[in-house]
Amino acid sequence: MKKILLIISVFLLSGCLGMPESVKPVSDFELKKYLGKWYEIARLDHSFERGLSQVSAEYSLKSDGGVAVLNRGFSEADNEWQEAEGKAYFVNEDSEGYLKVSFFGPFYGSYVIFELDQGLDSESYQYAFISGPNAKYLWLLSRTATVEPAVIQKFIDMSKERGFKTENLIYPQQE
């Protein structure tokens, strides 16, 4: 766990609150529909998640109006679960999918939601496309451990249009 926190800290120290020029956060965002558990379906590889499978993120409301973040993944190399706890706050208004997230002290990195789907369940979003501060950070999250191929293709198409290197996407195993 210390290793994942250290690596995330390095990311955040070098990160910023910007976003790729081609990425625009969703509007009409509703935090209550975003809270809960999400599964990582695809990502661009980076050191703080390298080698992790069964990756999930859980978001809950903090008493100060922010969001508590719990990221979790299984390291097969270490044969153990790794967790990182953080916090997130809106950068602008709470109706925009643009947050800043921190896993270490006062240092924050961008969390930009640029696509959402409500699916049939209007109580919660079903999938989310997320960018970090630049085109090196990209995730597809879903409420379920698997998604339809059409969702993955939409993610690839939209991400490629925005300058992400989608040929480098990895798809962590979910069980």
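Residues numbered from 1 in each chain as written. Predicted model: local features only at pLDDT ≥ 70, side-chain atom pairs only at ≥ 80, totals over all residues. Heavy atoms only, no water.

Chemist: Report on the overall build of the protein, specifying residues and quantitative values.
Modeler: Of regular secondary structure, the protein possesses three helices and nine strands. Shown N-terminal to C-terminal, the secondary structure of the protein runs as helices and strands in the order α-α-β-β-β-β-β-β-β-β-α-β. Across the 175 residues that make up the protein, the buried fraction comes to 48%. Nonlocal contacts in the protein, meaning residues at least 24 apart in sequence, comprise 54% of its contacts between residues at least 6 apart. In the structure as shown, the protein presents an accessible area of about 9,100 Å², 51% of it carried by carbon and sulfur atoms. (Helix = DSSP H or I, 4+ residues; strand = E, 2+ residues; numbered from the N terminus. Buried < 20%, exposed > 50% of the residue type's maximum accessible area, 1.4 Å probe, protein only. Contact = heavy atoms within 4.5 Å. Areas by Shrake-Rupley, 256 points an atom, 1.4 Å probe, with all protein chains shown as cover.)

Chemist: Describe the pairing of strand β8 (residues 138–142), naming the residues involved and giving the relevant values.
Modeler: Within β8, five of the five residues are buried, which leaves the element mostly enclosed by the surrounding structure. Here β8 shows two buried faces, one formed by L138, L140 and S142 and the other by W139 and L141. With four bridges joining them, strand β1 (residues 36–44) and β8 adopt antiparallel strand pairing. Each bridged residue has a counterpart across the sheet, and for R43 the counterpart in β8 is W139. Relative to β8, strand β7 (residues 127–131) runs antiparallel, the two sharing five bridges. What sits directly across from S131, in β8, is L138. Between β7 and β8, which pair antiparallel and follow one another directly, the connecting turn spans six residues. (Pairing = 2+ DSSP bridges.)

Chemist: With reference to specific residues and values, describe the nonpolar core.
Modeler: Counting residues in each nonpolar core, the largest one holds 25 residues, and the members touching the most others are F29, Y34, Y59, Y111 and I113. Taken together, the elements giving at least two residues each to this core come down to α2 (31–34), β2 (52–61), β3 (67–75), β4 (80–90), β5 (98–104), β6 (107–117), β7 and β8. In this structure, Y111 is in contact with Y34, Y59, G97, Y98, L99, V101, I130, S131 and L141, ignoring residues within four places of it in sequence. One finds I41, L140, F155 and M158 within the second-largest nonpolar core, a separate group that totals 18 residues. (Core = buried A, V, L, I, M, F, W, Y, C linked by side-chain atoms within 4.5 Å.)

Chemist: Provide a residue-level description of the environment of A135, including the pertinent values.
Modeler: Here A135 is to be found in the loop between β7 and β8. For A135, a relative accessible area of 31% gives the class partly exposed. As a C-alpha pair, A135 and G163 span 28 residues in sequence and 6.8 Å in three-dimensional space. When neighbours within four sequence positions are excluded, A135 is seen to be in contact with P20, L44, G163 and F164.

Chemist: So, unusual backbone geometry: which residues are in play, and what are the values?
Modeler: Within the chain, Q54 stands out as a residue other than glycine whose phi angle is a positive 50°. The topology assignment puts Q54 in strand β2. The backbone of N79 shows a phi angle near 55°, a positive value even though the residue is not glycine. Along the chain, N79 turns up in the loop between β3 and β4.

Chemist: Please provide a residue-by-residue account of the pattern of salt bridges, values included.
Modeler: Considering all chains together, one arrives at seven salt bridges under this definition. R50 is the partner of D45 in a salt bridge, and the nearest nitrogen-oxygen pair spans 2.9 Å. As a salt-bridge pair, K154 and E115 come within 2.8 Å of each other at their nearest N and O atoms. Of this pair, K154 sits in helix α3 (residues 149–161) while E115 is found in strand β6, placing the two residues 39 residues apart along the sequence. Relative accessible area serves as the criterion here: at 32%, K154 is assigned to the partly exposed category. Overall, the relative accessible area of 15% leaves E115 in the buried class. One connected set of salt bridges, linked through shared partners, spans E40, R43 and E49. (Salt bridge = Lys/Arg side-chain N within 4 Å of Asp/Glu carboxyl O.)

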